[in-house]
Amino acid sequence: MDLKVIRYFIEIVDAGGFGKAGEKVHLTQPALSKAVRQLEDELELTLLERGKRGTQVKLTPAGEVVYRHGKELLAGRQRMLAELAAQRSLTAGELNLGLAPLGSAEIFAPIIAKYRQQYPQIEMHLLVRGGVEQTIAIQKGEIELATGIINFDEGYDGIRVFNDPMVVVLPRENALASRTMLSIIDLKDQPQVMFETEYTLYQLVLKACQLTGFTPQNITRVSQADFGIALVAAGTGVMILPRSIARRYSVAGVVNIPLASDELRWELSLFWRRDQVLSFAAKAMINLVEKHLAHK
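A short tour of the structure in this document, coming up. Since this is a predicted model, take the numbers as computed values, not measurements. (Residues numbered from 1 in each chain as written. Predicted model: local features only at pLDDT ≥ 70, side-chain atom pairs only at ≥ 80, totals over all residues. Heavy atoms only, no water.)

**Considering the overall build of the protein**
When helices and strands are tallied, the protein shows 10 helices and 11 strands. In terms of overall dimensions, the protein is more spread out than a globule: its C-alpha atoms have a radius of gyration of 32 Å, far above the 19 Å expected for 296 residues. C-alpha extents for the protein along the principal axes are approximately 105 × 35 × 25 Å. Within the protein, buried positions represent 42% of all 296 residues. For the protein, contacts bridging at least 24 residues in sequence account for 73% of all contacts bridging at least 6. Only carbon and sulfur atoms are counted for the fraction: they give 50% of the accessible area of the protein, which is about 16,100 Å². (Helix = DSSP H or I, 4+ residues; strand = E, 2+ residues; numbered from the N terminus. Rg over C-alpha atoms; globule rule 2.2 N^0.38 Å. Buried < 20%, exposed > 50% of the residue type's maximum accessible area, 1.4 Å probe, protein only. Contact = heavy atoms within 4.5 Å. Areas by Shrake-Rupley, 256 points an atom, 1.4 Å probe, with all protein chains shown as cover.)

Written out as structure tokens, the structure reads:
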């Protein structure tokens, strides 16, 4: 059903006839009459009682139904267009952003703050989740953008936001603490403090160990980097972390030794599904991140 024809029909009823309605919508009376006839043919109902030329048209019972619902349809169209215009101008809408637990606060907090300043009317929902949970959430459409470690050739596009080398955090009294550089194989017999399995960093470290020829056996799992480093300081084990995170939460009693591994790096990205049509709010966030990186 053509909304334009519905509008013509309503204008005819409101004007009381084809002549005045034609002047308003800039159509001839024959053209208007043809449009209404086509609508009646489509519905297989008579909508208007037509009197002699110059007399006011009257609605049939079926016409009253079409008139009432037609008003609602046109009003709904106007509300839809107004809402879309508001989203386009970023005076309305929402953004669901998934944040990786590790590093997002340090890197994305200033960007999010600037976004809130520029677009205060966008409703923002921040969901802190591990890498595995993030991927599930973005596939389900629960979040539109996410931060984390990901390969862009797996159905995602994005922006590389941060690239950090890894270090090994050790207790000062550990025999390896005097070394200037460590490799993965040096940790073969060391108990390790590692993140929970839903964290992408856990998967990366585990894979790096396995490629070197061993699987960590004595593992203490954590969900927070600062607690992990505290456990290292207490002698629980060693922990592989991005250099910036290790420095941020460093405590007395630990040392950070660079890890000699070009493959094992912490590459934090802002990413989204390649097949998804992004909202104006999401595009504004992407634009802000790109500007932030350009001015670093």
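**Here we look at a nonpolar patch on the surface**
The grouping of Met 80, Leu 81 and Leu 84 at the surface amounts to a nonpolar patch, some 250 Å² of accessible area in total. Its location among the elements puts Leu 81 in helix 4 (residues 61-88). (Patch = residues over 30% accessible without salt bridge, like charges linked within 9 Å, V, L, I, M, F, W, Y side chains within 5 Å. Salt bridge = Lys/Arg side-chain N within 4 Å of Asp/Glu carboxyl O.)

**As for the environment of Gln 190**
Inspection of the secondary structure assignment puts Gln 190 in the loop between strand 6 (156-171) and strand 7 (192-195). Along the primary structure Gln 190 and Leu 176 are separated by 14 residues, whereas in three dimensions their C-alpha atoms are 10.0 Å apart. Setting aside its immediate chain neighbours within four residues, Gln 190 contacts Asn 174, Leu 176 and Val 238.

**What to know about the pattern of salt bridges**
Inspection of the entire model under this criterion finds 8 salt bridges. Here Glu 142 ties to Arg 129 by a salt bridge, and the two come within 3.1 Å at their closest N and O atoms. Note that Glu 142 is positioned in the loop between helix 6 (131-140) and strand 5 (145-148) and Arg 129 in the loop between strand 4 (123-128) and helix 6, a separation of 13 residues in sequence.

**Quick look at the nonpolar core**
If you look at the biggest cluster of nonpolar residues, it comprises 66 residues, and the most contacted ones within it are Tyr 115, Leu 145, Phe 195, Leu 241 and Met 285. Residues contacting Tyr 115, with those up to four places away along its chain left out, are Leu 95, Ile 122, Met 124, Ala 281, Ala 284, Met 285 and Leu 288. Counting residues in each nonpolar core, the second largest holds 20 residues, with Val 36, Leu 47, Ala 62 and Val 66 among its members. (Core = buried A, V, L, I, M, F, W, Y, C linked by side-chain atoms within 4.5 Å.)

Don't take any of this as a statement about function, it's just geometry.
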